[in-house]
Amino acid sequence: WEFNGSFHQPSAFLMLGIPGLEALHPWISIPFCALYLTALLGNCMILFIIRRTQSLHEPMYYFLCMLAVTDLGLALCTLPTTLGLFWFNLRSIGFDACLAQMYFIHILSFIESSVLLAMAFDRFIAISRPLRHPSILTKATVTKIGLAIVLRGMVSLLPIPFLLKRLTYCGKTELSHSFCFHPDIMNLACADIKVNVFYGMIILLSTVGMDFIFIVLSYILIIKTVVSLATKEECLKALNTCVSHICAVLVFFIPMIGLSMIHRFGRNVPPLVNTLVAYTYLLIPPALNPVIYSIKSSHIREALLRALRRTSG
């Protein structure tokens, strides 16, 4: 413990793995390694294919590149502490290092939410205004959207580490996961955390919450547009371009909302459920997104097959 003026700060926090299954951590690490490997290789493959394939240099795939970079960042943020705990039982993480990890995890989560909203907007324009789509979403516009997404995440979350540093911590130093999460750290404080709770809730609702609402509204408008199309074949073709994005939205938002609710209101939820939802939130989207897009997007699938043929040839 470090004593600084009128408050206590822990020099480090202790991370937890899977509650009750500590003896099996080396074996449990095998599926985690598979998920991390899938996330790293899959997203790198998406970036490589889009960069090498001229026909994929379109707004939809530029946004997919942003999603892949964000997923790579999320995987790399949690990989050292998670595998360090499972393989070598490295439970300790420094106070400042924990705040840094937490900041980047939350920034990347907010960025992913915003990228999914931008992809929904792209699909709406492509379906409702197909002739104007290239002139509305130019390269310059896509770049500005990407910069705005990153800046929104960085600025909105900048106060969080400072709000946590001002708190007094005493007694418990055990985190609920093998990574640092804002509500988890906040609940270890023995000071008044109303400001932290209020600010965290406002930021969550005004960013991720609004993103989700606008995504739903985008798909309501997309469905209205699709229904007005002349033939059933046109309807199915238009909707088919959205299937990958809908899957990515569900895979990201369902566990994120679940984890936020558990941390804020689920004090009687078993620790194992909390842990499983947290790992689902941070590991499944980065691993599944490249798989979803590789299977459902014929353009990416064809480009991947061409790349494999060139490599084998």
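Remember, predicted model here, so these are calculated numbers, not experimental data.

The tally for this structure, following the rule as stated, stands at four salt bridges. Across the pair glutamate 174 and arginine 91 runs a salt bridge, and its minimum N-O distance is 3.1 Å. Taken together, the residues span a long stretch of sequence, with glutamate 174 in the loop between α6 (159-165) and α7 (182-186) and arginine 91 in the loop between α2 (59-88) and β4 (92-94) at a distance of 83 residues. Using a relative accessible area of 26% as the deciding quantity, one classes arginine 91 as partly exposed. Measuring nitrogen to oxygen at the nearest pair gives 3.0 Å for the salt bridge that ties lysine 165 to aspartate 96. Of the two residues, lysine 165 sits in helix α6 while aspartate 96 sits in helix α3 (residues 95-128), which places them 69 residues apart along the sequence.

All right, on to the packing of α3 against helix α8 (residues 194-227) then. It is at 9 Å that the axes of α3 and α8 come closest, and there the two elements cross at 20 degrees. By the angle between their axes, α3 is roughly parallel relative to α8. The element α3 and its partner α8 pack so that their crossing is left-handed. Its residues assigned to classes, the contact of α3 with α8 shows 15 nonpolar, six polar and two charged.

For the pair α3 and helix α11 (residues 271-296), interaxial distance at closest approach is 12 Å and the crossing angle is 35 degrees. Handedness of the crossing formed by α3 with α11: left-handed. For the pair α3 and α11, contact is made by Ile105, Ser109, Glu112 and Met119 and by Tyr281, Leu282, Pro285, Asn289 and Tyr293, respectively. By residue class, the composition of the contact of α3 with α11 is six nonpolar, two polar and one charged.

Two cysteines form a disulfide when their sulfur atoms are joined by a covalent bond. One pass over the full model with this rule turns up two disulfides. Between the sulfur atoms of cysteine 170 and its disulfide partner cysteine 190 the distance amounts to 2.0 Å. Taken as a pair, cysteine 170 in the loop between α6 and α7 and cysteine 190 in the loop between α7 and α8 lie far apart in primary sequence, 20 residues in all. Taking the relative accessible area as the measure of exposure, cysteine 170 reaches 36% and is therefore partly exposed. Sequence-ordered numbering of the disulfide-bonded cysteines in the protein gives the connectivity 1-3, 2-4. The thiol sulfur of cysteine 65 is not disulfide-bonded, and the nearest other cysteine sulfur, from cysteine 44, lies at 12 Å. For cysteine 65, a relative accessible area of 17% puts it in the buried group. Cysteine cysteine 247 shares no disulfide, and the gap to the nearest cysteine sulfur, in cysteine 242, comes to 11 Å.

Taken together, the side chains of Arg51, Arg52, Arg306, Arg309 and Arg310 define a basic patch exposed on the protein surface. When contributions to the positive patch are tallied by element, the ones reaching two or more residues are α1 (25-52) and α12 (298-312). At three residues, the largest contribution of residues to the positive patch is made by α12. Among the structural elements, arginine 306 can be located in helix α12. Exposure remark for arginine 306: the relative accessible area of 36% places this residue in the partly exposed category.

Moving on, we come to the UniProt feature "transmembrane region" (unreviewed entry) in the protein. Per the UniProt record, "transmembrane region" (unreviewed entry) is annotated on residues 24-49, 61-88, 100-121, 142-164, 197-222, 243-264 and 276-295. In residues 24-49, helix accounts for 96% and strand for 0%; the two terminal C-alpha atoms are 38 Å from one another. A distance of 32 Å separates the end C-alpha atoms of residues 100-121, which is 100% helix and 0% strand.

Looking at where valine 142 falls in the secondary structure, it is placed in helix α5 (residues 139-157). A C-alpha to C-alpha distance of 30 Å links valine 142 and proline 161, two positions 19 residues apart in sequence.

Considering soluble globular proteins, one finds that nonpolar side chains tend to be buried as a cluster. Formed by 84 residues in total, the largest nonpolar core has its most connected members in Phe13, Leu64, Leu116, Leu164, Tyr169, Leu175 and Ile185. At 16 residues, α3 tops the list of elements feeding residues into this core. Among all residues touching leucine 64, those that are not within four sequence positions of it are Ile46, Ile50, Met119, Tyr293 and Ile300.

Rules behind the numbers
Residues numbered from 1 in each chain as written. Predicted model: local features only at pLDDT ≥ 70, side-chain atom pairs only at ≥ 80, totals over all residues. Heavy atoms only, no water. Salt bridge = Lys/Arg side-chain N within 4 Å of Asp/Glu carboxyl O. Helix = DSSP H or I, 4+ residues; strand = E, 2+ residues; numbered from the N terminus. Buried < 20%, exposed > 50% of the residue type's maximum accessible area, 1.4 Å probe, protein only. Axes fitted to C-alpha atoms, helices over the stretch in contact; angles between N-to-C directions. Parallel < 35°, antiparallel > 145°, perpendicular 65-115°, else oblique. Left-handed = near helix turned anticlockwise from the far one by under 90°. Nonpolar A, V, L, I, M, F, W, Y, C, P; charged D, E, K, R; others polar. Contact = heavy atoms within 4.5 Å. Disulfide = S-S within 2.5 Å. Patch = residues over 30% accessible without salt bridge, like charges linked within 9 Å, V, L, I, M, F, W, Y side chains within 5 Å. Areas by Shrake-Rupley, 256 points an atom, 1.4 Å probe, with all protein chains shown as cover. Lys, Arg positive; Asp, Glu negative; His and termini not counted. Charge placed at Lys NZ, Arg CZ, Asp CG, Glu CD. UniProt positions renumbered as here; feature names shortened; annotations may be inferred. Core = buried A, V, L, I, M, F, W, Y, C linked by side-chain atoms within 4.5 Å.

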